[in-house]
Amino acid sequence: MSQTIPLISEYTGSSLPGATTVPILPEQPFLPDAYRLPVGAERGSVASTTPRVVFIEVTNRCNLLCETCPRTFFTREPLKSLTYAEFVRIAEQFPAMTRAVLHGIGEPLLNRDLPQMIRYLKARNMEVLFNSNGTLLTPKWQTELVSSGLDQFRCSIDGAEAATYAKIRGADLLHKIKEGLAGLVATKARLGAITPRISIWCVATQENLHELPDLVRLAAQLGVPEVYLQRMVFFGQETTDQYGMARREHAIFGQHNDYQEQVILECEALSRTLGVEFRASGARDPLHSLVAARPEDFRPWTECLRPWTTAYITANGNCLPCCIAPFATNDYESIILGNLFTQPFSTIWNGEAYQQFRRDFFTAQPHKACASCGVYWSL
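Parameters at a glance
Residues numbered from 1 in each chain as written. Predicted model: local features only at pLDDT ≥ 70, side-chain atom pairs only at ≥ 80, totals over all residues. Heavy atoms only, no water. Helix = DSSP H or I, 4+ residues; strand = E, 2+ residues; numbered from the N terminus. Buried < 20%, exposed > 50% of the residue type's maximum accessible area, 1.4 Å probe, protein only. Contact = heavy atoms within 4.5 Å. Salt bridge = Lys/Arg side-chain N within 4 Å of Asp/Glu carboxyl O. Pairing = 2+ DSSP bridges. Axes fitted to C-alpha atoms, helices over the stretch in contact; angles between N-to-C directions. Arc of directions from axis to C-beta. Phe/Tyr/Trp six-rings, centres within 6.5 Å; stacked < 30°, edge-to-face > 60°. Lys NZ or Arg CZ within 6 Å of the ring centre and 35° of its normal. Core = buried A, V, L, I, M, F, W, Y, C linked by side-chain atoms within 4.5 Å. Parallel < 35°, antiparallel > 145°, perpendicular 65-115°, else oblique. Left-handed = near helix turned anticlockwise from the far one by under 90°. Nonpolar A, V, L, I, M, F, W, Y, C, P; charged D, E, K, R; others polar. Lys, Arg positive; Asp, Glu negative; His and termini not counted. Polar contact = N/O pair within 3.5 Å; in protein donor to acceptor, adjacent residues only side chain to side chain.

Draft legend 1. Structural view of the overall build of the protein. Check the secondary structure of the protein and you find 13 helices and 13 strands. Taking all 379 residues of the protein together, 55% fall into the buried category. In the protein, the share of contacts with a sequence separation of at least 24, taken over all contacts with a separation of at least 6, comes to 71%.

Below, the structure is given as structure tokens:
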């Protein structure tokens, strides 16, 4: 008999046709339906359903050396970009997939087959999105992304000032991003398209927190309708295991203070005035997303549903438990639960490695990548 843990809370009023009451993480009013478990489903060591959300890392190559990214400091896997055939081979193993996220550790626009991949997924009637650093968003890419049917284009900008952006992202390219986003907005208008939905995502740190209001203003100037705040994940708990700016002293999660609240409230006021949505990653509201840190003995990680609803496949075919895991631990081998190129995902999903991962999840000592969620950062 598989061990189970009760659902944390429920949300009524799903946007899915015919849906009723479905599980949801606390304080996540914007959580997409695909991340929720069906009504009555239990979280046991064996998953009763297959993933509806699938992260497919189309490339692990990148053109930036960001100070908050493990890729800058480590080589987790051999460099690789998926071919279209490899991508289809992966995607075909997820018959229940409704939401495809085409990013991981890398810049998706470095894969030239990306538009074809998006068209394949749209032909299967899926929601398709990815995060990009936006530095390669040329007029050709703008047209390709709009015409492919992409649903969301999320652009990572970690500073409203060029110097701040360059310090965190390792390159003085903020001007290129502004040009690319303005071009994408114009291309949508020219082609009469309503997608992709464009948004700006900022990993908030002690260095850039004061620039968040200007980032909301920048979004309004560019015609970008949404800005999202992200918590920084640092991939080592010991000081000796922390690198670059991915360090505890640069984080703002759980460090509530009056200035932090003042900045968030200013952004929320600007969002109402300028007509720009201001939210936080993890489907939370911005202020609560920063102050919700909890003690380890509260076991905040047990609120997560991703080991039962979500899969993450790297460019080399490795299956990871979630998109946060590579950022949350230096023990990379321990989060590889199988390889989709060597055995079917249907075997991996409820194989012994996945079952053990889920069993540990219920204990006071889950995998290290999970144990810090809600303590030092949060989904």
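Draft legend 2. Broad picture of the pattern of salt bridges. Scanning all chains against the criterion turns up eleven salt bridges. We note a salt bridge from Arg197 to Glu226, for which the minimum N-O separation is 2.6 Å. With Arg197 in strand E9 (residues 197-204) and Glu226 in strand E10 (residues 226-231), this residue pair connects regions lying 29 residues apart in the sequence. Under the relative-accessibility criterion, Arg197 is labelled partly exposed at 37%. Bridged by salt links that share partners, the residues Asp214, Arg217 and Glu266 form one connected network.

Draft legend 3. Up close: the pairing of strand E11 (residues 277-280). In E11, alternate side chains face the same way, and those of Phe278 and Ala280 are buried while those of Glu277 and Arg279 on the opposite face are not. Two strands pair when backbone bridges link them, and E10 and E11 are joined in this way by four bridges, in the parallel orientation. Directly across from Leu229, in E11, lies its bridge partner Ala280.

Draft legend 4. Structural view of unusual backbone geometry. Note the cis peptide between Thr195 and Pro196, where omega equals 5°. The phi angle at Asn125 is positive, at roughly 65°, despite the residue not being glycine. Along the chain, Asn125 turns up in the loop between helix H2 (114-123) and strand E7 (127-132).

Draft legend 5. Inspection of the sheet that holds E9 at higher detail. With mixed pairing, the nine strands of this open sheet are ordered in space as E11-E10-E9-E8-E7-E6-E5-E12-E13. Where the open sheet ends on each side, the last strands, each with one partner, are E11 and strand E13 (319-320). By the bridge criterion, six bridges tie E9 to E10 in an arrangement that is parallel. Counterpart to Val203 in the pairing with E10 is Gln230. The strands that helix H7 (residues 258-274) touches are E10 and E11; relative to E11, the one it contacts most, it runs at about 145°.

Draft legend 6. Focus on helix H12 (residues 352-361). Residues of H12 that are buried: Tyr354, Gln355, Phe357, Arg358 and Phe361. For H12, the angular spread of the buried residues around the axis is 160°, confining them to a single face. Each element contacted by the buried residues of H12 is listed here: strand E4 (43-44), helix H9 (306-309), strand E12 (310-313), E13, helix H11 (345-349) and helix H13 (368-371).

Draft legend 7. Main features of the packing of aromatic side chains. Scanning the model with the defined rule gives eleven aromatic pairs in all. A ring pair is formed by Trp308 and Phe362, whose centres lie 5.9 Å apart and whose planes are at 20°; its orientation type is stacked. Taken as a pair, Trp308 in helix H9 and Phe362 in the loop between H12 and H13 lie far apart in primary sequence, 54 residues in all. Here the two residues Trp308 and Phe362 agree in accessibility, since each one is buried. Here a set of aromatic residues connected by ring pairs shows up, and it is made of Phe94, Phe345, Trp349 and Tyr354. One Lys or Arg, Arg43, reaches over the ring of Trp308 and ends 5.5 Å from the middle of that ring.

Draft legend 8. Spatial organisation of the nonpolar core. Within the largest apolar cluster, 82 residues are counted, with the highest numbers of intra-cluster contacts made by Phe87, Leu102, Leu121, Phe153 and Leu181. If one sorts the elements of this core by residue count, helix H6 (residues 212-222) sits on top with six residues. Discounting residues that sit within four places of it in the chain, Leu181 has contacts with Leu137, Phe153, Cys155, Ile157, Ile198, Ile200, Leu222 and Val224. Within the second largest apolar cluster, 20 residues are counted, among which are Leu31, Ala34, Val53 and Ala325.

Draft legend 9. Seen up close, the packing of helix H1 (residues 84-91) against H2. The geometry of H1 relative to H2 is characterised by a closest axis approach of 10 Å and an angle of 30° between their N-to-C directions. Relative to H2, the element H1 is oriented roughly parallel. Here H1 and H2 pass one another in a crossing that is right-handed. In contact with Tyr84, Phe87, Val88 and Ala91 of H1, H2 contributes Gln116, Met117, Tyr120 and Leu121. Among the residues making up the contact of H1 with H2, the classes are represented as seven nonpolar, one polar and no charged.

Draft legend 10. Structural detail: the side chain of Glu107. Residue position: Glu107 is located in the loop between strand E6 (99-101) and H2. In this structure Glu107 is buried but unpaired, with Arg169 as the nearest side chain of opposite charge at 7.2 Å. At a separation of 3.0 Å, a polar atom in the side chain of Glu107 contacts the main-chain amide nitrogen of Leu109. Once residues within four sequence positions are removed from consideration, Glu107 is found in contact with Thr59, Arg61, Cys62, Asn63, Ser132, Asn133, Gly134 and Leu136.

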